[in-house]
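Observations on chain architecture
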Amino acid sequence: MTPPSVRVFEDSAEASHWVAASVLEWIDSKPRPGGPVLGLATGSTPLGVYREWCRLHQQQGRDWSRARCFNLDEYWPLDPGHRKSFRTFMREQLFAPAGFDLARCAIPSGGVATESVDRHCAEYEDAIQAAGGLDAQLLGLGPNGHIGFNEPGSDPASRTRKVALAAATRERAAEAFAPEQVPLQGLTMGIGTILSARRIWILAFGAEKAAAVDTALRGPIEAECPASFLRTHSQVEWVLDRAAATTVRG
Ligand code: F6R
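Okay, so let's go over this structure. No experiment lies behind these values; they were computed from the predicted model shown. (Residues numbered from 1 in each chain as written. Predicted model: local features only at pLDDT ≥ 70, side-chain atom pairs only at ≥ 80, totals over all residues. Heavy atoms only, no water.)

**Here's the deal with the overall build of the protein chain**
- The secondary structure content of the protein chain amounts to seven helices and ten strands.
- Relative to the globule expectation of 18 Å for 250 residues, the C-alpha radius of gyration of the protein chain, 17 Å, shows essentially globular dimensions.
- By its C-alpha atoms, the protein chain is 45 × 45 × 35 Å across when sized along the principal axes.
- Counting every position in the protein chain, which comprises 250 residues, the buried fraction comes to 52%.
- The long-range fraction of contacts in the protein chain, counting pairs at least 24 apart against all pairs at least 6 apart in sequence, stands at 79%.
- When the accessible surface of the protein chain is summed, it comes to about 11000 Å², and 50% of that surface belongs to carbon and sulfur atoms.
- With 26 positive and 29 negative side-chain charges, the protein chain shows a separation of 4 Å between the mean positions of the two kinds. (Helix = DSSP H or I, 4+ residues; strand = E, 2+ residues; numbered from the N terminus. Rg over C-alpha atoms; globule rule 2.2 N^0.38 Å. Buried < 20%, exposed > 50% of the residue type's maximum accessible area, 1.4 Å probe, protein only. Contact = heavy atoms within 4.5 Å. Areas by Shrake-Rupley, 256 points an atom, 1.4 Å probe, with all protein chains shown as cover. Lys, Arg positive; Asp, Glu negative; His and termini not counted. Charge placed at Lys NZ, Arg CZ, Asp CG, Glu CD.)

Here is the structure:
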């Protein structure tokens, strides 16, 4: 197994700038007739990357209209139009200001009925396959080691499915929702789905991520730390700021 590629930047702004350019360079180096296929994340971590992609569209005319996007996850159940849904987040932070075609941007739906969840998740996987698979996947890292909503205990072969959110994840979400309204579950691409991407960039910024970074990079590769499974993929870039990299050498 090749050792993971880890890049440490002075701060998250520098790191985000590098990731924004690195993903573009990768997708532009292998243009696909149907357009690039991106796997995207929500949360605070990718915001700097999204700001840069918006800037490139607005100031340099970067055309995102042919990109196909698949987001990692969504709260369930939750009205997709809810102001705190990941769908709303993506529209506001990236899709609208960077000129993506919304018809080509997929996010698991928090609005599907219980009896339709399994079918919805299977169709999500099928749509990724039909698009030709993920060319580039962006990930944030949970302080508990989760990627997407693949919480500790997740199977490395897992695919898109409904999951229970860990208590730590619900606590973090309580900053966005009223505490009693935090969804208990989510729909998420699986670890197997994420590992099927051709290239992966995982970003972690801030001291609250340092322990999870250390465990993921140096601990055992096991379900207790879902991000540790990224070490089984040969094309993953770990992109850290100094605060998240306190225990990382090099
Ligand atoms: C978001 C997601 C989560 C976050 C992670 C880090 O789509 O899948 O795994 O990436 O919880 O969240 P932030 O970036 O807010 O620290």
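**Quick look at the sheet that holds strand 7 (residues 161–164)**
- The strand order across the open sheet formed by three strands is 4-8-7, and the pairing between neighbours is antiparallel. Where the open sheet ends on each side, the last strands, each with one partner, are strand 4 (73–76) and strand 7. Pairs of neighbouring strands in the sheet enclose a mean axial angle of 30°, with direction left out of account.
- Bridge analysis of strand 4 against strand 8 (residues 185–188) gives four bridges, and the strand direction is antiparallel. When the bridges of strand 8 are listed, aspartate 73 appears paired with threonine 188. (Pairing = 2+ DSSP bridges. Axes fitted to C-alpha atoms, helices over the stretch in contact; angles between N-to-C directions.)

**Topic: the layout of surface pockets**
- By volume, the largest pocket is sized at about 760 Å³.
- Residue lining of the largest pocket: 29 residues in total, with Thr42, Gly43, Ser44, Tyr75 and Phe86 positioned closest to the centre.
- When contributions to the lining of the largest pocket are tallied by element, the ones reaching two or more residues are strand 4, helix 3 (86–95) and helix 5 (167–173).
- Looking at the lining of the largest pocket, the element that brings in the most residues is helix 3, giving five residues.
- A volume near 250 Å³ is recorded for the second largest pocket.
- Forming the walls of the second largest pocket are 16 residues, and the residues nearest its centre are Ile27, Asp28, Gly35, Pro36 and Arg62.
- When the residues that make up the lining of the second largest pocket are grouped by side-chain class, the tally is six nonpolar, two polar and eight charged. (1 Å grid on protein atoms, 1.4 Å probe; cavity = no way out; pocket = protein on both sides within 12 Å on 5 of 7 lines; lining within 4 Å. Points joined across faces, edges and corners; volume = space filled by probe spheres on them. Nonpolar A, V, L, I, M, F, W, Y, C, P; charged D, E, K, R; others polar.)

**Let's talk about the site of the ligand**
- In the neighbourhood of the ligand, 14 residues make up the surrounding shell, with Thr42, Thr45, Asp73, His146 and Lys209 lying closest.
- Between the ligand and the protein, one listed contact pairs an oxygen atom with a side-chain N or O atom of aspartate 73 at 2.5 Å.
- A distance of 2.7 Å separates an oxygen atom of the ligand from a polar atom in the side chain of lysine 209.
- In the complex, the protein chains occlude 92% of the 410 Å² of accessible area that the ligand would expose alone.
- At a threshold of 2 Å from the grid points, most atoms of the ligand map onto the largest pocket.
- Here the shell around the ligand is built from residues that sort into three nonpolar, eight polar and three charged. (Near = heavy atom within 4 Å. Polar contact = N/O pair within 3.5 Å; in protein donor to acceptor, adjacent residues only side chain to side chain. Sits in = over half its atoms within 2 Å of the grid points.)

In short, shape yes, function no, at least from these values alone.
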